[in-house]
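Structure at a glance
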Amino acid sequence: MGKIIAVVNQKGGVGKTTSCINLCCALSESGCRTLLCDMDPQGNSTSGMGVDKNSVYPTIYDVVIGGADPEKAIISTPYGYVMPSNKALSGAGVELVGISEREFCLRKALSKIKSSYDYIIIDCPPSLELLTVNGLCAADTLLVPVQCEYFALEGLSDLLTTLKIIKKRLNPALEIEGVLLTMYDGRTNLSLQVAEEVKKYFKAKVFRTVIPRNVRLSEAPSYGKPAIVYDRSSRGSRAYTELAEEIIKNNKEV
C-alpha cells in the first residue's frame, strides 16, 4: 500500500510546487513508483512535469467533481506520473459545497489507485479552502515547506490550527511527515533565525535536508522539466535528491 503525502502551506511563494515537482522526480529516479496529484487550479505542477495543462482530459477536476475513473486521468512522464490540473478546477471549491461528504471526494478517488504507487504527492492550493481540505483528508502525512523569511512563521500557526481541526473531525490518523526549510541562505541572519525557530518548535519533524536559494530551481519550470533533470549538478537539485533519500529512509525505519 502506498503513502499519500500532501504538500501544504496556505502562504504562497514558499516553494510548494517546486518541492512537489522535484520530489516526485527524485523519488521516481530512486525507483519508487510516484504519482504527483495536482490539486492547484493554477496547474503549475502539471506544466512543471512537462504536461500541457490546456489540452489534457480528463483532469483531476473530472475525477473529483465528475466521478471520472482516476486511472484514465493519470499521465506518464519521464519524471513520474501526473494527475493533471488546469483552470477548470478553479470553480470546484464552490461545486464541492453541494456534494455529500464533500471533504472526502479526493480520498475516495485515490483509494482506488493508492496500492499501485509507493508515493502519491498532492500539491495543494495556497489557501485553506475545500480543495486543500480534500488534500488533507486524503493524506497520510503532511509535508510543510517553510520559506526562511519572517512572515512564513506567522502563517504556520494558522496551518497548525487547521491541522488540529482536521485531525479531530475528519482525519484522525493525519500526521506531519516533515517541515522543509526552503529558500535558505546561510549568509543571512534571518535565514538562520527562522531555521532556529522552526527547529525549536517542530524539533525532530524538521527535515535535515534544507533547500537553498537557487536560480536553477526558478528556471527549470519554463523548460517544462524538474530542476533535477534541467541541471542535475545544481545545489537545488542535489538538495531535492537528498530530501527524497531522507523520506525513503524515514519510511523504511517506520
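Our subject in this report is the structure included herewith. This one's a predicted model, so the numbers in the text were calculated from it and none came from an experiment.

Rules used throughout
- Residue positions within a chain follow its written sequence, with the count starting from 1.
- Confidence filtering applies because this is a predicted model: local features only for residues at pLDDT of at least 70, side-chain atom pairs given and counted only at 80 or more, and all residues used for totals across whole chains, interfaces and linings.
- The side-chain quantities take in all heavy atoms of the structure and omit both hydrogens and water.
- Secondary structure follows DSSP: runs of H or I at least 4 residues long count as helices, runs of E at least 2 residues long count as strands, and numbering of each begins at the N terminus.
- Each radius of gyration reported is based on C-alpha atoms, and the globular scaling rule is 2.2 Å times the count of residues to the power 0.38.
- Only protein chains enter the accessibility calculation, which uses a 1.4 Å probe; a residue is then buried when its area is under 20% of its type maximum, exposed when over 50%, and partly exposed in between.
- Working rule for contacts: check all heavy atoms of both residues, and any pair within 4.5 Å makes them a contact.
- All tallies of charge rest on Lys and Arg as positive and Asp and Glu as negative; His and the ends of each chain are not included.
- Throughout, a charge is located at the NZ atom of Lys, the CZ atom of Arg, the CG atom of Asp or the CD atom of Glu.
- Throughout this description, the term salt bridge denotes a Lys or Arg side-chain nitrogen within 4 Å of a carboxyl oxygen of Asp or Glu.
- Remark: nonpolar core denotes a set of buried residues (Ala, Val, Leu, Ile, Met, Phe, Trp, Tyr, Cys) joined through side-chain atoms within 4.5 Å.
- Distance and chemistry together define a polar contact, namely a pair of N or O atoms within 3.5 Å, with one atom able to donate a hydrogen and the other to accept it when in protein, and with adjacent residues in sequence counting only for side-chain atoms on both sides.
- When DSSP finds two or more bridges between two strands, those strands count as paired.
- Two cysteine sulfurs form what is called a disulfide whenever their separation falls within 2.5 Å.
- In summary, the pairing rule links any two rings of Phe, Tyr or Trp, Trp by its six-membered ring, whose centres are within 6.5 Å, and it sorts them by plane angle into stacked for under 30 degrees, edge-to-face for over 60 and tilted for everything else.
- Lysine NZ or arginine CZ positioned within 6 Å of the ring centre and within 35 degrees of the ring normal marks a charge as sitting over the ring.
- To get an axis, fit a line to the C-alpha atoms, keeping to the stretch in contact for a helix; angles then go from 0 to 180 degrees between the N-to-C directions.
- An angle below 35 degrees is read as roughly parallel, one above 145 as roughly antiparallel, one from 65 to 115 as roughly perpendicular, and any other as oblique.
- Helix crossings are classified by the rotation of the near helix relative to the far one: an anticlockwise turn of less than a right angle makes the crossing left-handed, while a clockwise turn makes it right-handed.
- Nonpolar residues are Ala, Val, Leu, Ile, Met, Phe, Trp, Tyr, Cys and Pro. Charged residues are Asp, Glu, Lys and Arg, and all others, Gly as well, are polar.

What follows concerns the overall build of the protein chain. Scanning the protein chain from terminus to terminus reveals 11 helices and 7 strands. Radius of gyration (C-alpha) of the protein chain: 17 Å, near the 18 Å computed for a compact globule of 254 residues. Here the C-alpha coordinates of the protein chain stretch approximately 50 × 40 × 35 Å along the principal axes. Every one of the 254 residues in the protein chain was classed for burial, and the buried ones make up 55%. Contacts in the protein chain between residues at least 24 apart in sequence constitute 78% of all its contacts with a sequence separation of at least 6. Each charge class in the protein chain can be summarised by its mean position, and for the 30 positive and 28 negative side chains these summaries are 3 Å apart.

Summed over all chains, the structure comprises 12 salt bridges. A salt bridge links Glu 101 to Lys 108, with the nearest nitrogen and oxygen atoms 2.9 Å apart. Accessibility expressed as a relative area gives 46% for Glu 101, which makes it partly exposed. Measuring nitrogen to oxygen at the nearest pair gives 3.0 Å for the salt bridge that ties Arg 213 to Glu 149. Of this pair, Arg 213 sits in the loop between α8 (189-202) and α9 (215-219) while Glu 149 sits in the loop between β6 (141-147) and α7 (150-169), and the two are 64 residues apart along the sequence. In this structure Glu 149 comes out as partly exposed when scored by relative accessible area, which is 30%.

The next point concerns the nonpolar core. Ranked by size, the top nonpolar core spans 52 residues in total, and within it Cys 37, Met 83, Leu 106, Leu 110 and Ile 122 carry the most contacts. The next biggest cluster of nonpolar side chains, apart from the first, holds 30 residues, and it includes Leu 23, Cys 24, Leu 36 and Tyr 79.

So, about the side chain of Thr 182. With respect to the secondary-structure elements, Thr 182 resides in strand β7 (residues 175-182). For Thr 182, a relative accessible area of 2% corresponds to the buried category. From its side chain, Thr 182 meets the backbone oxygen of Val 14 in a polar contact 2.6 Å long. Residues contacting Thr 182, with those up to four places away along its chain left out, are Val 14, Ser 19, Pro 145, Val 146, Gln 147, Cys 148 and Ile 211.

Because the α-helix completes a turn every 3.6 residues, residues three or four places apart line up on one side. Helix α6 (residues 130-138) sits mainly inside the fold: 9 of its 9 residues count as buried. Looking only at α6, the buried set comprises Leu 130, Leu 131, Thr 132, Val 133, Asn 134, Gly 135, Leu 136, Cys 137 and Ala 138. In this structure, the buried side of α6 is in contact with β1 (3-7), α4 (92-96), α5 (105-111), β5 (119-123), β6 and α7.

Looking now at the pairing of strand β4 (residues 80-83). On a regular strand, one side chain projects to one face of the sheet and the next to the other, so that they alternate. Across 3 bridges, strand β2 (residues 34-38) lies against β4 in parallel orientation. Along β4, the bridge assignment pairs Leu 35 with Tyr 81.

As a further point, take the state of the cysteines. One pass over the structure, following the stated rule, counts 0 disulfides. Free of any disulfide, Cys 20 has its nearest cysteine sulfur in Cys 124, 7.7 Å distant. Not part of a disulfide, Cys 37 finds its nearest cysteine sulfur in Cys 124, a span of 8.5 Å.

The full count for this structure, using the stated rule, is 3 aromatic pairs. Seen from their ring centres, Tyr 201 and Phe 202 are 5.0 Å apart, and the 75 degrees between their planes marks the pair as edge-to-face. The class of Phe 202 is buried, set by a relative accessible area of 10%. Where Tyr 223 meets Tyr 230, the ring centres are 4.9 Å apart and the plane angle is 25 degrees; that geometry is what we call stacked. A residue is classified by how much of its surface remains accessible, and Tyr 230, at 24% relative accessible area, is partly exposed. The ring centre of Tyr 117 lies 4.9 Å from the NZ or CZ of Arg 33, which sits over that ring.

A word on the packing of helix α1 (residues 16-29) against helix α11 (residues 235-253). Running from N to C, α1 and α11 point in directions that differ by 65 degrees, and their axes come no closer than 9 Å. Between α1 and α11, the crossing angle belongs to the class labelled roughly perpendicular. At the point where α1 passes α11, the crossing takes the right-handed sense. Where α1 abuts α11, its residues Thr 18, Ser 19, Asn 22, Leu 23, Ala 26 and Leu 27 lie against Tyr 240, Thr 241, Leu 243, Ala 244, Ile 247 and Ile 248. Residues that form the contact of α1 with α11 fall into these classes: 8 nonpolar, 4 polar and no charged.

Function-wise, these values are silent; they only describe arrangement.
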